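Now for the letters of each chain:
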Amino acid sequence: MDLLEGNFELKEIQKLEGHTDRVWNLAWNPATGISGIPAMLASCSGDKTVRIWQQNSFDTSWECKAVLDETHTRTVRSCAWSPCGKLLATASFDATTSIWANVGGDFECVSTLEGHENEVKSVSWNPAGSLLATCSRDKSVWIWEVLPGNECECLSILQGHTQDVKMVQWHPFLDLLFTCSYDNSIKIWAEDGDSDDWHCVQTLNEASNGHSSTVWALSFNATGDRMVTCSDDLSLKIWESDPKATPPAEDGFTPWRHVSTLAGYHDRTIFSVHWSREGIIASGAADDAIRLFVRNEEVDGPSYKLLLRKEKAHEMDVNAVQWSSQETRLLASASDDGTIKIWELASVA
Amino acid sequence: MVRELSNKNHVVYERKKRRIHHLVVPADVDEYAIDPIDQQEVFDILKNLGSFNWIWAPFFFLIFVAVIFISLTVLHHIRDIKDPEYPYTLEELQVVTEDSVEINDKRSHVRVTFTPTVGNCSLAPAIGLCLQVKLMRSLPSRYKVDIRVAPGTLHNEAAVNKQLNDKERTAAASENPIMGQLVEECLAPTYE
């Protein structure tokens, strides 16, 4: 199906209700939704809980399988599954990050990572599942090693952002860490040889055609050579790392450069952006809307164009949009209205 | 460490006479239609805000300091600040007036521009947070609320505006026990 031809609609499959406060974030379990394993997702909320939702294999409807409560004492801001799908990490305003293990369908908190001075805002697993990154309003980014028995040890504390750090995200297959911040910049961090020390290899800020206000989120395309970022400046930006266009540095790192800016599509803060495996960028914003973009193959046109606009996707701010990790056109969104919605991108006959 | 009130010589303005709304509902009116909200209504929600603000904010800060230093001097100053000389509301201090509320009901948008009484007011973020929380609780959820400091009235205006409109930071601040309590104290008289 050619994305540039034909009309598409975002069809609401189901609204998941249960959280009693705004839903901040959600994550699809990457080990589910294939080979007959029912799809699963986790969501986290201002109600201090995490909910696990699972698709029923008989009628494909979703239901809440578990409520993870009484562990975090404040808002749970972010959640992330380990690449194997067995562990779930949750970051909270209570300054801790918890790791949960799925033991025969029950979720148990197996580890608590303490160290940040105040609110932890995001957590991310590296592609091998051996490292975790967390970030906080305390302006620091911590890298943790996941040891046998799910114990975690802090390897490095990265200082460099001048304001709170909104999101951490590992590159899909390189051990490069990307962070974005209230200081309007995106930073890229790499390890120094074998010394377990990490340093900032590149900063993308306003001087590099970057954002002019808080950068809220980032996401990579399937091949890992492009990245999209979204901001309070109401724009999305596309970045590229191409060894042919920019020669790699001595350590093999290929710097990222700005390719394109998508502006004028949202009229309030853009909180979330996610790139699907087949190349569709979804964005969710405080204007309650979801937008979808695709690469424009026309020679003269801008490099990315709008595929679809979904006004009033939720009754309040859209805080997170996330494509299913499998080859399906399912999108999940989370909102201040306390609900999660599952959408299907379908073509209109 | 002694903290003085940022402005001892407040000018206190007379409360505005409240407008009386006459609700006449014609028989053929669609009862499910969304009621528009006007400027006066939002101002009514806000005007009693923070009659404690100017007294209690430094008071809480001082309690916090006192806990750290356990100093008699500080306690002495708490006693001084508790002087009931300033039982004022944001309206009486003209921090918010009816004109500082802009509404676009069609677009469900409210913008409140408040005026700190002095340019170095360190409590501006706290006042903004009170306004934000109060409106979030009082208005229907369809409303988008922006709070800002009146242009040119605060030396760190851009930083305060950015912070007030970062909902993650306002959410975290209102969950913070010290800040949360301060907000509740400021809002308490508005629920009476």
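Residues numbered from 1 in each chain as written. Chains lettered and ligands numbered in written order. Predicted model: local features only at pLDDT ≥ 70, side-chain atom pairs only at ≥ 80, totals over all residues. Heavy atoms only, no water.

In the nomenclature of an unreviewed UniProt entry, chain B is known as MIP18 family-like domain-containing protein of Papaver atlanticum. What UniProt records for chain B under Sequence similarities (unreviewed entry) is the sentence "Belongs to the MIP18 family." (UniProt positions renumbered as here; feature names shortened; annotations may be inferred.)

Chain A carries the name Probable cytosolic iron-sulfur protein assembly protein CIAO1 homolog in an unreviewed UniProt entry, which gives Papaver atlanticum as its organism. Comment text from UniProt for chain A, heading Function (unreviewed entry), reads "Essential component of the cytosolic iron-sulfur (Fe/S) protein assembly machinery. Required for the maturation of extramitochondrial Fe/S proteins."

K.L.:
Explanation requested: the overall build of chain B in the structure shown.
P.N.:
Scanning chain B from N- to C-terminus turns up 7 helices and 3 strands. Sequence-ordered secondary structure for chain B, helices as α and strands as β, is α-α-α-β-β-α-β-α-α-α. The buried share of chain B, reckoned over its 192 residues, is 45%. Summed over its atoms, the accessible surface of chain B is roughly 10,600 Å², and 55% of this surface lies on carbon and sulfur atoms. (Helix = DSSP H or I, 4+ residues; strand = E, 2+ residues; numbered from the N terminus. Buried < 20%, exposed > 50% of the residue type's maximum accessible area, 1.4 Å probe, protein only. Areas by Shrake-Rupley, 256 points an atom, 1.4 Å probe, with all protein chains shown as cover.)

K.L.:
Looking at this structure, I do not really get the overall build of chain A. What am I missing?
P.N.:
The secondary structure content of chain A amounts to 0 helices and 28 strands. Against the globule reference of 20 Å for 349 residues, chain A gives a C-alpha radius of gyration of 19 Å, in line with a compact fold. Structurally, chain A occupies a C-alpha span of about 55 × 55 × 35 Å along its principal axes. Of all 349 residues assigned to chain A, the portion counted as buried reaches 58%. Residue pairs at least 24 apart in sequence account for 49% of intrachain contacts in chain A once pairs closer than 6 positions are excluded. (Rg over C-alpha atoms; globule rule 2.2 N^0.38 Å. Contact = heavy atoms within 4.5 Å.)

K.L.:
Sorry if this is basic, but what is going on with the interface of chain B and chain A here?
P.N.:
Interface size is commonly expressed as the accessible surface area that is lost when the partners come together. Counting residues at the interface gives 17 residues for chain B and 26 residues for chain A. At the boundary of chain B with chain A, total buried surface from both sides reaches about 1,800 Å², with 41% on carbon and sulfur atoms. Of all residues in chain B, the largest losses of buried area upon contact with chain A belong to Lys144, Lys167 and Glu168 of chain B, amounting jointly to 38% of the total for that side. Taken together, the connections running from chain B to chain A amount to 12 salt bridges. (Buried area = accessible area lost by both parts, 1.4 Å probe. Salt bridge = Lys/Arg side-chain N within 4 Å of Asp/Glu carboxyl O.)

K.L.:
Before we go on, may I ask you to explain the packing of aromatic side chains in this structure?
P.N.:
Aromatic ring pairs are defined here through the distance separating the ring centres and the angle between the ring planes. What the rule picks out here adds up to 11 aromatic pairs over all chains. Here Trp81 of chain A and Phe107 of chain A contribute two aromatic rings whose centre-to-centre distance is 6.1 Å and whose plane-to-plane angle is 65°, an arrangement assigned as edge-to-face. Note that Trp81 of chain A is positioned in strand 6 (residues 76–81) and Phe107 of chain A in strand 9 (residues 106–114), a separation of 26 residues in sequence. Judged by relative accessible area, which is 7%, Trp81 of chain A ranks as buried. Connected via pairs of aromatic rings, a cluster forms that spans Phe178, Phe220 and Trp256 of chain A. The side chain of Lys162 of chain B reaches across the aromatic face of Tyr182 of chain A, ending 4.5 Å from its centre. (Phe/Tyr/Trp six-rings, centres within 6.5 Å; stacked < 30°, edge-to-face > 60°. Lys NZ or Arg CZ within 6 Å of the ring centre and 35° of its normal.)

K.L.:
What's the story with helix 6 (residues 167–175) of chain B in this structure? I'm lost.
P.N.:
Side chains three or four residues apart in an α-helix point the same way, a direct result of the helix having 3.6 residues per turn. Listed in full, the buried residues belonging to helix 6 of chain B are Lys167, Glu168, Arg169, Thr170, Ala171 and Ala172 of chain B. With a side-chain oxygen positioned 2.9 Å from the backbone nitrogen of Glu168 of chain B, the residue opening helix 6 of chain B is Asp166 of chain B. (Polar contact = N/O pair within 3.5 Å; in protein donor to acceptor, adjacent residues only side chain to side chain.)

K.L.:
In this structure, what is going on with the sheet that holds strand 27 (residues 330–335) of chain A? I would like to understand it.
P.N.:
Strand pairs in the sheet, formed through backbone hydrogen bonds, run parallel or antiparallel to each other. Residue and element names in this part refer to chain A. Pairing within the open sheet is antiparallel, and its 4 strands lie in the order 1-28-27-26. Each end of this open sheet is capped by a strand with a single partner; those strands are strand 1 (7–16) and strand 26 (318–323). Between one strand axis and the next, the sheet turns by 25° as a mean value, whatever way the strands run. Bridge analysis of strand 27 against strand 28 (residues 340–348) gives 5 bridges, and the strand direction is antiparallel. (Pairing = 2+ DSSP bridges. Axes fitted to C-alpha atoms, helices over the stretch in contact; angles between N-to-C directions.)

K.L.:
Would you mind showing me how to read helix 7 (residues 177–187) of chain B here?
P.N.:
All names here are of chain B. Burial in helix 7 covers these residues: Gly180, Leu182, Val183, Cys186 and Leu187. Burial along helix 7 is one-sided: seen end-on, the buried residues are contained in an arc of 160°. The N-capping residue of helix 7, defined by a side-chain oxygen 2.9 Å from the backbone nitrogen of Ile178, is Asn176. (Arc of directions from axis to C-beta.)

K.L.:
I'm lost on unusual backbone geometry in this one. Help?
P.N.:
Glycine aside, residues mostly have negative phi, and peptide bonds are mostly found in the trans state. Phi at Asn150 of chain A takes a positive value of approximately 60°, unusual for a residue other than glycine. Here Asn150 of chain A falls in the partly exposed class, since its relative accessible area comes to 21%.

K.L.:
Help me understand the UniProt feature "repeat: WD" (unreviewed entry) in chain A, please; the structure alone is not making it clear to me.
P.N.:
Residues and elements named next belong to chain A. As recorded in UniProt, the feature "repeat: WD" (unreviewed entry) lies at residues 16–54, 69–100, 113–146, 158–189, 208–240 and 311–349. The span residues 69–100 shows a helical share of 0% and a strand share of 53%, and its end C-alpha atoms are spaced 11 Å apart. Helix makes up 0% of residues 158–189 and strand 50%, and the two end C-alpha atoms of the span are 8 Å apart.

K.L.:
What exactly am I supposed to notice about the nonpolar core here?
P.N.:
Side chains of nonpolar character tend, in soluble globular proteins, to be buried together. Residues and elements named next belong to chain A. In terms of nonpolar packing, the biggest core is built from 31 residues, with Phe178, Ile186, Met227, Leu236, Trp256 and Ile281 touching the most fellow members. Looking at this core, the elements that each hand over two or more residues are strand 15 (177–181), strand 16 (186–192), strand 18 (215–220), strand 19 (226–231), strand 20 (235–240), strand 22 (270–275) and strand 23 (281–285). With 5 residues, the top contributor of residues to this core is strand 18. With near-sequence residues (within four places) excluded, Met227 lies in contact with Phe178, Ile186, Leu204, Leu218, Ser219, Phe220, Lys237, Ile238, Trp239, Trp256 and Trp275. (Core = buried A, V, L, I, M, F, W, Y, C linked by side-chain atoms within 4.5 Å.)

K.L.:
Please explain the confidence of the model for chain B as it appears in this structure.
P.N.:
Residue and element names in this part refer to chain B. When pLDDT is averaged along chain B, the result is 69, and 55% of the positions lie at 70 or above. Across chain B, helix 5 (residues 157–164) holds the top mean pLDDT of 94, while helix 3 (residues 72–81) sits lowest at 28. A low-confidence stretch, residues 19–31 stays under pLDDT 50, and its non-local contacts, those more than four residues away or across chains, total 6 contacts. Across residues 62–86 the pLDDT falls below 50, and counting only partners more than four positions away or on other chains, this stretch makes 27 contacts in the model. For this predicted complex, the interface score ipTM comes out at 0.92, alongside a pTM of 0.87. (pLDDT = per-residue confidence, 0-100.)

K.L.:
I'm lost on the packing of helix 4 (residues 124–138) of chain B against helix 7 of chain B in this one. Help?
P.N.:
Axis angle and axis distance: for two packed helices, these are the angle between their axes and the distance between the axes, and together they describe the pair. Residues and elements named next belong to chain B. Running from N to C, helix 4 and helix 7 cross one another at 70°; their axes reach a closest spacing of 10 Å. Taken together, helix 4 and helix 7 sit at an angle that is classed as roughly perpendicular. For helix 4 against helix 7, the interelement crossing comes out right-handed. Two secondary-structure elements touch here, helix 4 through Ala126, Leu129, Cys130, Val133, Lys134 and Arg137 and helix 7 through Met179, Leu182, Val183, Glu184, Cys186 and Leu187. Partitioning the contact of helix 4 with helix 7 into residue classes produces 9 nonpolar, no polar and 3 charged. (Parallel < 35°, antiparallel > 145°, perpendicular 65-115°, else oblique. Left-handed = near helix turned anticlockwise from the far one by under 90°. Nonpolar A, V, L, I, M, F, W, Y, C, P; charged D, E, K, R; others polar.)

K.L.:
It is not clear to me how the environment of Val149 of chain B should be interpreted in this structure. Could you clarify?
P.N.:
Residue and element names in this part refer to chain B. Along the polypeptide, Val149 turns up in strand 3 (residues 144–149). On the accessibility criterion, Val149 (0% relative accessible area) is buried. When the C-alpha atoms of Val149 and Leu164 are compared, they prove to be 9.5 Å apart, with 15 residues separating the residues in sequence. Those residues within four positions of Val149 in sequence are excluded, and the remaining contacts are Thr113, Phe114, Pro116, Leu154, Glu157, Val160 and Asn161.

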